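# Summary of the model geometry
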Amino acid sequence: MMAALLTACQETLEERGAREARDYTEKHCPAPVAPQVVMDSMTFDKATHTFGYYYTLDGVLDDSANLQRNSPRDLLLNQVRNTTNLKLYKEAGYRFRYVYHSTRNKGAVLFDAMFGPKDY
């Protein structure tokens, strides 16, 4: 009886990912993470096992040419590779998507990158 109760209370990795993304967004977003960078939300798509990180850029970063000069893909991939709290999700083959939007041009995507097991 106790074993069945404990098993029923455990959440799957997918449920955990969805909960963590929802909780993070509700508690912390929008959140300034660097000068001219605001994290708007974190999502999790159970069907594709993808975490989504959504940001808005302002000032000099709110320009796709300036953004590309800073090699954001390399920086983000390095972050995914070195972030220890993603270890469980990386071991399960989950994906991580980073989307940066413009403040000046509402809704315009300045940068969009996806990282999966082949990358990290």
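Residues numbered from 1 in each chain as written. Predicted model: local features only at pLDDT ≥ 70, side-chain atom pairs only at ≥ 80, totals over all residues. Heavy atoms only, no water.

## Looking at the nonpolar core
Here is the rule we go by: What is meant by a nonpolar core is a set of buried Ala, Val, Leu, Ile, Met, Phe, Trp, Tyr and Cys residues, joined one to another through side-chain atoms within 4.5 Å. Exposure categories follow from relative accessible area, calculated using a 1.4 Å probe and restricted to protein chains: below 20% of the type maximum is buried, above 50% is exposed, and the middle band is partly exposed. For helices the rule is a DSSP run of H or I covering at least 4 residues; for strands it is a run of E covering at least 2, with both sets numbered from the N terminus onward. When checking whether two residues touch, look at their non-hydrogen atoms; a contact exists if any pair is within 4.5 Å.
Judged by nonpolar contacts, the single largest core of 26 residues is most densely connected at Phe-51, Tyr-53, Phe-96 and Tyr-98. The set of elements that each furnish at least two residues to this core consists of α2 (13–28), β2 (37–45), β3 (50–57), α4 (72–82), β4 (95–102) and β5 (109–115). The contact partners of Tyr-53, leaving out residues within four places of it in the chain, are Met-39, Ser-41, Met-42, Leu-86, Phe-96, Arg-97, Tyr-98 and Val-99.

## A few points about the pattern of salt bridges
For side chains bearing opposite charge, pairing can occur when the charged atoms are close. Which entries qualify depends on this criterion: Definition used for salt bridges: Asp or Glu carboxyl oxygen within 4 Å of a side-chain nitrogen of Lys or Arg.
For the structure on display, the rule yields 7 salt bridges. Here Glu-20 ties to Arg-16 by a salt bridge, and the two come within 2.8 Å at their closest N and O atoms. With Glu-20 and Arg-16 both in helix α2 and 4 residues apart, the pair spans about one turn of that helix. Note that Arg-19 is salt-bridged to Asp-23, the shortest N-O span being 3.9 Å. Taken together, the positions of Arg-19 and Asp-23, both in helix α2 and 4 residues apart, correspond to about one turn of that helix. By relative accessible area, which is 22% here, Asp-23 ends up partly exposed. When salt bridges that share partners are traced, they join Glu-11, Arg-19, Arg-22 and Asp-23 into one network.

## Section: the sheet that holds β5
Selection criterion: Pairs of strands are assigned from DSSP output, requiring at least two bridges between the strands. Axis angles are defined between N-to-C directions and span 0 to 180 degrees, where every axis is a line fitted to C-alpha atoms and, for a helix, only to the segment in contact.
Taken together, 5 strands build an open sheet; the order of strands is β1-β2-β3-β4-β5 and the sheet is mixed. Of all strands in the sheet, those with a lone pairing partner are β1 (31–34) and β5, marking the two edges. The average angle at which neighbouring strand axes cross in this sheet is 30°, direction not considered. Relative to β3, β2 runs antiparallel, the two sharing 8 bridges.

## Some details on the packing of aromatic side chains
Using the following cut-off: When two rings of Phe, Tyr or Trp (its six-membered ring) have centres within 6.5 Å they constitute a pair, described as stacked for plane angles under 30 degrees, edge-to-face for angles over 60, and tilted for the intermediate range.
Scanning all chains against the criterion turns up 11 aromatic pairs. Taking the centre distance of 5.6 Å and the plane angle of 20° together, the rings of Phe-44 and Tyr-94 count as stacked. Note that Phe-44 is positioned in strand β2 and Tyr-94 in the loop between α5 (87–91) and β4, a separation of 50 residues in sequence. Across this residue pair, the class does not change: Phe-44 and Tyr-94 are buried. Both rings, one in Phe-96 and one in Tyr-120, keep their centres 5.9 Å apart while their planes meet at 65°; by these two values the pair is edge-to-face. A residue pair is termed long-range when its members are at least 10 positions apart, and Phe-96 in strand β4 and Tyr-120 in the segment after β5 qualify at 24 residues. Aromatic ring contacts, followed pair by pair, group Phe-44, Phe-51, Tyr-89, Tyr-94, Phe-96 and Tyr-120 into a single cluster.

## A short note on the confidence of the model for the protein chain
Rules: For every residue, the predictor assigns a confidence score, pLDDT, that lies between 0 and 100.
Scored by pLDDT, the protein chain has a mean of 92; 93% of the residues are at 70 or more. Low pLDDT, under 50, characterises residues 1–5; the stretch is placed with 0 contacts to residues that sit more than four places away or in other chains.

## Observations concerning the side chain of Thr-56
Keep this limit in mind: Nitrogen and oxygen atoms within 3.5 Å of one another constitute a polar contact, given that in protein one can donate a hydrogen and the other can accept it, and given that sequence-neighbouring residues count only through two side-chain atoms.
Summarising the element assignment, Thr-56 is placed in strand β3. Of note is the side chain of Thr-56, whose polar atom sits 2.4 Å from the side chain of Asp-40. Each residue touching Thr-56, except ones within four places of it in the same chain, is listed here: Gln-36, Val-37, Val-38, Asp-40, His-101, Ser-102 and Thr-103.

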